[in-house]
Amino acid sequence: MIYLDNNATTKIDERVLEEMLPYLKEDYANPSSMYDFAKKPAAAIREARVKVRDFLGAANEKDIYFTSCGSESANTAIKGVLNCNREKRHIITTKVEHPAVLNTYKEFEKNGYEVDYIGVNSQGELDIEELKSKLRKDTALVSVMYANNETGVIYPVEEIAEYIKSKSPDTRFFVDAVQAAGKIPINVKETKIDLLGISGHKFHAPKGIGALYVKPDVRFTPLINGGHQERGMRAGTENVPYIAAIGKAAELAQEALSYELKEVTRLRDKLEEGILKNVFNARLNTGVKNRVPNTSNIGFEYVEGELILLHLSDLGICASSGSACTSGSLEPSHVLRAMGVPFTALHGSIRFSLSRFTKESDIDFVIEKMPDIMKKLTSISPFQEELEVLRKRRG
Ligand code: PLP
């Protein structure tokens, strides 16, 4: 099996699993209990918080709140901040956010908020000037992702944070860093970012654990009310094994960052070059340098993405298409649409996402097999004339 869908989820690192096991087996006490038996789980939470603090470059471990996932982190940030600031009714985000942010914004829009959705160019880069022009004194919140899950394009969140604070210091700025964590360095204390969310299963921890960084002076309300856990900001008995896991995964991701930046980038570039060289109907949906190391989005013109995925799957290769299957109809990706990816490639776009566990032989195999798959699929495409023109044009 060749797993190239690491932006969907990642495999659990063995060392992360080892870290979790004691809290699933013998050390199962509720960390809030008073007896000695609870000391180990309580210490595990403290340690994990310090590790996530260091991973995100936060000044204080008290600025880190554990959540159940990236979606919860985004919901807590957006709803929590807006609940604390009900006079300002204008909010800004981008057209290419993950649904965790977009659908939360849509809910506020339905409830009377004015929303500006900022666009991207054909390479998936954010229109910063548009964002700057939309910022107002009554803007309560701006949300911009650190890196896009479909294209890997990195957004200049530090520059945006500086701009927001220079023009409208009370506007809060949330960054969904789910696809940046573990792929590029994050150092919140050097920035003016107010809140930042991550998700463990994107960097080799299990599914079901996330974290939210909140700057100390930022007020927000909890999404889940109840007990005193997470300093009263996220109730529910702590999920100790998963919290220990995200701490360990954060530590390991930090250690592996230089490998990620150098080697994973090299493998990703090799994959892109190999496919573009050997497959005449392939185009890079974005080739900007400022991308996370692991992500490649390639459009295969005049063929169906789902068919490509099935053929890849038959060979044991896991990747994903830009399309989301909504109620039986195949909707092209909102991200690729916002980029204006031509219709000819929109339905045949595939995201390959690597990890530190991707082997050179995995990449070689995909490069070797892709021309055969495309030969088959272009031969059954209804667009034979267009394909012929393309074949001649691209040689
Ligand atoms: N934000 C981004 C950019 C993502 O890619 C994802 C998951 O794919 C999420 C948020 C949601 O994370 P989770 O699955 O942990 O809720």
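Look a little higher up for the structure.
Residues numbered from 1 in each chain as written. Predicted model: local features only at pLDDT ≥ 70, side-chain atom pairs only at ≥ 80, totals over all residues. Heavy atoms only, no water.

Asker: Teacher, can you tell me more about the pairing of strand β8 (residues 210-214) here?
Answerer: Within a regular strand, side chains alternate between the sheet's two faces. For β8, a buried count of five out of five residues is recorded, marking the element as mostly surrounded by other parts of the structure. Both faces of β8 are covered, namely the face carrying G210, L212 and V214 and the face carrying A211 and Y213. Of the pairings in the sheet, the one linking strand β2 (residues 64-67) to β8 comprises four bridges and is antiparallel in character. In the strand pairing of β8, I64 is matched with Y213. In the sheet, strand β7 (residues 195-199) pairs with β8 via five bridges, with the strands oriented antiparallel. Note on β8: the bridge partner recorded for G197 is L212. (Buried < 20%, exposed > 50% of the residue type's maximum accessible area, 1.4 Å probe, protein only. Helix = DSSP H or I, 4+ residues; strand = E, 2+ residues; numbered from the N terminus. Pairing = 2+ DSSP bridges.)

Asker: I'm lost on the pattern of salt bridges in this one. Help?
Answerer: Side-chain pairs of opposite charge can arise whenever the charged atoms involved come near each other. In the structure shown here, the tally under the stated rule is 29 salt bridges. Among the ionic contacts, a cluster of salt bridges with common partners joins E263, R266, K270, E360 and D364. (Salt bridge = Lys/Arg side-chain N within 4 Å of Asp/Glu carboxyl O.)

Asker: How should the site of the ligand be read in this particular structure?
Answerer: Contacts to the ligand come from C69, G70, S71, H98, M145, N149, D176, V178, Q179, S199, H201 and K202. Contact distances for the ligand include 2.8 Å between an oxygen atom and a backbone N or O atom of G70. In this structure, an oxygen atom belonging to the ligand sits 3.4 Å away from a side-chain N or O atom of H98. Protein coverage of the free-state accessible area of the ligand, which is 390 Å², stands at 88%. Here the shell around the ligand is composed, by residue class, of three nonpolar, seven polar and two charged. (Near = heavy atom within 4 Å. Polar contact = N/O pair within 3.5 Å; in protein donor to acceptor, adjacent residues only side chain to side chain. Areas by Shrake-Rupley, 256 points an atom, 1.4 Å probe, with all protein chains shown as cover. Nonpolar A, V, L, I, M, F, W, Y, C, P; charged D, E, K, R; others polar.)

Asker: Quick question: what am I supposed to make of unusual backbone geometry here?
Answerer: When glycine is set aside, most residues are seen to have a negative phi, and most peptide bonds are trans. Here H204, not a glycine, exhibits a phi torsion of approximately 75°, which is positive. Among the secondary structure elements, H204 is positioned in the loop between β7 and β8. Positioned with a positive phi, R231 is a non-glycine residue whose angle comes to about 55°. Inspection of the secondary structure assignment puts R231 in the loop between β8 and α7 (240-278).

Asker: What is the right way to read helix α8 (residues 305-314) from this model?
Answerer: For the α-helix, the turn length of 3.6 residues means that residues three or four positions removed from each other point alike. Within the span of α8, buried status applies to G305, I308, L309 and L312. An end-on view of α8 places all buried positions within 100° of arc, on one side of the element. Among the exposed residues of α8, those pointing more than 90 degrees away from its buried face are L310 and D314. One or two steps after α8, the chain reaches G316, where phi turns positive at roughly 85°. (Arc of directions from axis to C-beta.)

Asker: Teacher, can you tell me more about the pairing of strand β10 (residues 295-300) here?
Answerer: The buried count for β10 comes to six of six residues, which makes it a mostly enclosed element. On β10, burial covers both faces: T295, N297 and G299 on one face and S296, I298 and F300 on the other are all buried. When strand β9 (residues 282-284) meets β10, the two strands line up antiparallel, connected through three bridges. Among the inter-strand pairings, L284 is bridged to a residue of β10, identified as I298. Where β10 meets strand β15 (residues 349-353), five bridges bridge the pair, whose relative direction is antiparallel. Following the sheet pairing, S296 is matched in β15 by F352.

Asker: Would you take a moment to explain empty space enclosed by the protein for this structure?
Answerer: Rolling a probe over the atoms, with the probe sized like a water molecule, indicates the empty space that remains. Going through the model one piece at a time under the given rule, you end up with one cavity of 30 Å³ or more. Volume-wise, the largest cavity comes out at about 100 Å³. Looking at the largest cavity, it is lined by 15 residues, and the ones nearest its centre are G182, K183, K202, H204 and E260. Broken down by class, the residue content of the lining of the largest cavity amounts to five nonpolar, six polar and four charged. (1 Å grid on protein atoms, 1.4 Å probe; cavity = no way out; pocket = protein on both sides within 12 Å on 5 of 7 lines; lining within 4 Å. Points joined across faces, edges and corners; volume = space filled by probe spheres on them.)

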